[in-house]
Amino acid sequence: MAEEQSRVIDLGYIEDCASWKLESRFFPSKAGGTPAWLDPFNLPDVILCDKCKKPCIFLCQVYAPIEELVSCFHRTIFVFLCKDTQCCEYNNSANFKVFRCQLPRKNNFYSFDPPIEEEDWKPNVTPELCRLCCVCGARGGSRCSKCKTASYCSKEHQIIDWKAGHKQRCSAGVVLEENEARKEMGFLLPQFEIVTESEDCVLVDETETNSDLKTEEERLREFQKMVQQGKAGTLQGDDSVDDELQKITSCEDKQFLKFSERIKKSPEQILRYERSGEPMWISSNNIPKEGDIPCCEYCGGQRQFEFQILPQMLNYLDLDNTEKSVDWGILAVYTCSKSCDGIPAYKQEFLWKQDVSS
């Protein structure tokens, strides 16, 4: 008989909300827009794609404090990506970057007491601590030489801003707020709050008997039939990808079937959080082996799984392109098991990208 173990997994969902609720002072989990930096002063240098060496933009962040560690009273994991579709390669995570930042309860930026969720609540955060790029919200290392107000993380983002009208506004002496300027550019991903709730589940040991395998095959055939009849739904909630699902299920990937059946119980989920747990893989291929997940480069400790981003998130991010799109099967984020402290404030972590079997 299979051994059972009760586990709790937090599921993340996308919701619209007022933009002020997604500011750093409220310690949000969010997708799109600009980062709500936890440490607003000691920001990372420009975050570059490993493929094209151009700046990445913000994908999402997850607020994930660790109660038993004093240094992790506030703790957030940030994920960035390169929007260039040429940098998006099958089962390759080179166009993604992950950073972890954490603070004790008593720190230089935030109130010791919990924030009051009101728009006019005043935090102990000084916005002028660090100049931010008016395009992406990252550290702005340089300024427009003429107006001295617009900051940029890179030459690439200065060019984007100039093409979006800054050159004309600057010459005319017109100054826009950063948020207004970003809206005009349309360069960033749409902004949403990520809200979570627990998924009560029982994980069953993966050992299967031959009869179990036969049952899996029967269920796979039933699922394929549902897809052909248009009754199975899709990974991204779009009828236009039903044909693609038929191709996927025809490969008889049992791991994909398990993934699909689990997701069907809560199809709107875009994220699954289970620190020190295991990812729910979408394919039998490209599952990391021992040694594939590197140790923490700061303390040498092992990394462990923390959360995964599901393909459903793509539904909300306007990343579609008529020729090719930035996409993924799942993005599994691994962080230092010790959540080590110290310099730098933003420590780079590891992401494993797994795509659906072709």
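Procedures and definitions
- Residues numbered from 1 in each chain as written.
- Predicted model: local features only at pLDDT ≥ 70, side-chain atom pairs only at ≥ 80, totals over all residues.
- Heavy atoms only, no water.
- Helix = DSSP H or I, 4+ residues; strand = E, 2+ residues; numbered from the N terminus.
- Buried < 20%, exposed > 50% of the residue type's maximum accessible area, 1.4 Å probe, protein only.
- Contact = heavy atoms within 4.5 Å.
- Areas by Shrake-Rupley, 256 points an atom, 1.4 Å probe, with all protein chains shown as cover.
- Core = buried A, V, L, I, M, F, W, Y, C linked by side-chain atoms within 4.5 Å.
- pLDDT = per-residue confidence, 0-100.
- 1 Å grid on protein atoms, 1.4 Å probe; cavity = no way out; pocket = protein on both sides within 12 Å on 5 of 7 lines; lining within 4 Å.
- Points joined across faces, edges and corners; volume = space filled by probe spheres on them.
- Nonpolar A, V, L, I, M, F, W, Y, C, P; charged D, E, K, R; others polar.
- Pairing = 2+ DSSP bridges.
- Phe/Tyr/Trp six-rings, centres within 6.5 Å; stacked < 30°, edge-to-face > 60°.
- Lys NZ or Arg CZ within 6 Å of the ring centre and 35° of its normal.
- Polar contact = N/O pair within 3.5 Å; in protein donor to acceptor, adjacent residues only side chain to side chain.
- Salt bridge = Lys/Arg side-chain N within 4 Å of Asp/Glu carboxyl O.

Caption draft 1: Up close: the overall build of the chain. Broken down by element type, the chain carries five helices and 13 strands. For the chain, the proportion of its 358 residues judged to be buried stands at 48%. Expressed as a percentage of contacts within the chain between residues at least 6 apart in sequence, the contacts between residues at least 24 apart total 71%. With the model as given, the accessible surface of the chain reaches about 18700 Å², and the carbon-plus-sulfur share is 46%.

Caption draft 2: Spatial organisation of the nonpolar core. Ranked by internal contacts, the top residues of the largest apolar core, which has 41 residues, are Leu59, Val79, Phe307, Ile309, Met313 and Trp328. Those elements giving two or more residues to this core turn out to be strand S3 (57-63), strand S4 (74-81), strand S5 (96-103), strand S8 (192-204), strand S9 (271-273), strand S10 (303-309) and strand S11 (330-336). In terms of residues, this core owes the most to one element, S3, which gives four residues. Excluding anything up to four places from it in sequence, Trp328 contacts Leu59, Phe96, Ile309, Leu310, Pro311, Met313, Leu314, Leu317, Leu319, Lys353, Gln354 and Asp355.

Caption draft 3: Looking closely at the confidence of the model for the chain. With 76% of its residues at a pLDDT of 70 or more, the chain shows a mean pLDDT of 83. Across residues 1-5, where pLDDT falls below 50, the model places nine contacts with residues more than four positions away in sequence or in other chains. Note that residues 236-250 has pLDDT below 50 and, in this model, 22 contacts with residues that lie over four places away or in other chains.

Caption draft 4: How the structure looks around empty space enclosed by the protein. For the coordinates displayed, the defined rule picks out three cavities of 30 Å³ or more. Of the pockets and cavities examined, the largest cavity occupies roughly 50 Å³. Forming the boundary of the largest cavity are Val46, Ile47, Pro55, Cys56, Ile57, Phe58, Phe80, Cys136, Ala138 and Cys153. Taken together, the residues of the lining of the largest cavity break down into ten nonpolar, no polar and no charged.

Caption draft 5: Quick look at the pairing of S11. Within S11, seven of the seven residues are buried, which leaves it mostly tucked inside the rest of the structure. Taken together, the five bridges between S11 and strand S13 (residues 350-354) define a ladder with antiparallel strand orientation. Pairing of Ile330 across the sheet is with Gln354, part of S13.

Caption draft 6: Structural detail: the packing of aromatic side chains. One pass over the structure, following the stated rule, counts 17 aromatic pairs. Here Tyr334 and Phe350 contribute two aromatic rings whose centre-to-centre distance is 6.5 Å and whose plane-to-plane angle is 55°, an arrangement assigned as tilted. Of this pair, Tyr334 sits in strand S11 while Phe350 sits in strand S13, and the two are 16 residues apart along the sequence. Here the aromatic residues Trp37, Phe58, Phe78, Phe80, Phe99 and Tyr346 are joined through ring pairs into a cluster of three or more. Positioned over the ring face of Phe112 is Arg105, at 4.1 Å from the centre of the ring. Positioned above the aromatic ring of Tyr298, the side-chain terminus of Lys347 is 5.9 Å from the ring centre.

Caption draft 7: Fine view of the environment of Tyr13. Assignment of secondary structure puts Tyr13 in strand S1 (residues 4-15). For the pair Tyr13 and Glu193, spaced 180 residues apart in sequence, the C-alpha to C-alpha distance is 8.1 Å. Among the polar contacts listed, one links the side chain of Tyr13 to the side chain of Ser266, at a separation of 2.4 Å.

Caption draft 8: Spotlight on the pairing of S4. Summarising burial for S4: eight of the eight residues are buried, a large majority. Along S4, one buried face is formed by His74, Thr76, Phe78 and Phe80 and the opposite face, lined by Arg75, Ile77, Val79 and Leu81, is buried too. Of the strand pairs in this sheet, S3 and S4 are connected by six bridges, and their pairing is antiparallel. From the neighbouring strand, Tyr63 faces S4, where its bridge partner is Thr76. Of the pairings in the sheet, the one linking S4 to S5 comprises eight bridges and is antiparallel in character. The residue bridging Thr76 from the neighbouring strand is Cys101, located in S5.

Caption draft 9: Main features of the pattern of salt bridges. As enumerated under the stated definition, the model contains eleven salt bridges in all. A salt bridge links Arg75 to Glu306; its shortest N-O distance comes to 2.7 Å. Of this pair, Arg75 sits in strand S4 while Glu306 sits in strand S10, and the two are 231 residues apart along the sequence. Taken as a pair, Arg75 and Glu306 share a single burial class, namely buried. The salt bridge involving Glu306 is made with Arg275; its shortest N-O contact spans 3.9 Å. Of this pair, Glu306 sits in strand S10 while Arg275 sits in the loop between S9 and S10, placing them 31 residues apart in sequence.

Caption draft 10: Summary view of the side chain of Lys353. Residue placement: Lys353 occurs in strand S13. Since its relative accessible area comes to 2%, Lys353 is described here as buried. One polar contact links the side chain of Lys353 to the main-chain carbonyl oxygen of Glu89, over a distance of 3.0 Å. At 2.6 Å, the side chain of Lys353 forms a polar contact with the side chain of Asp355.

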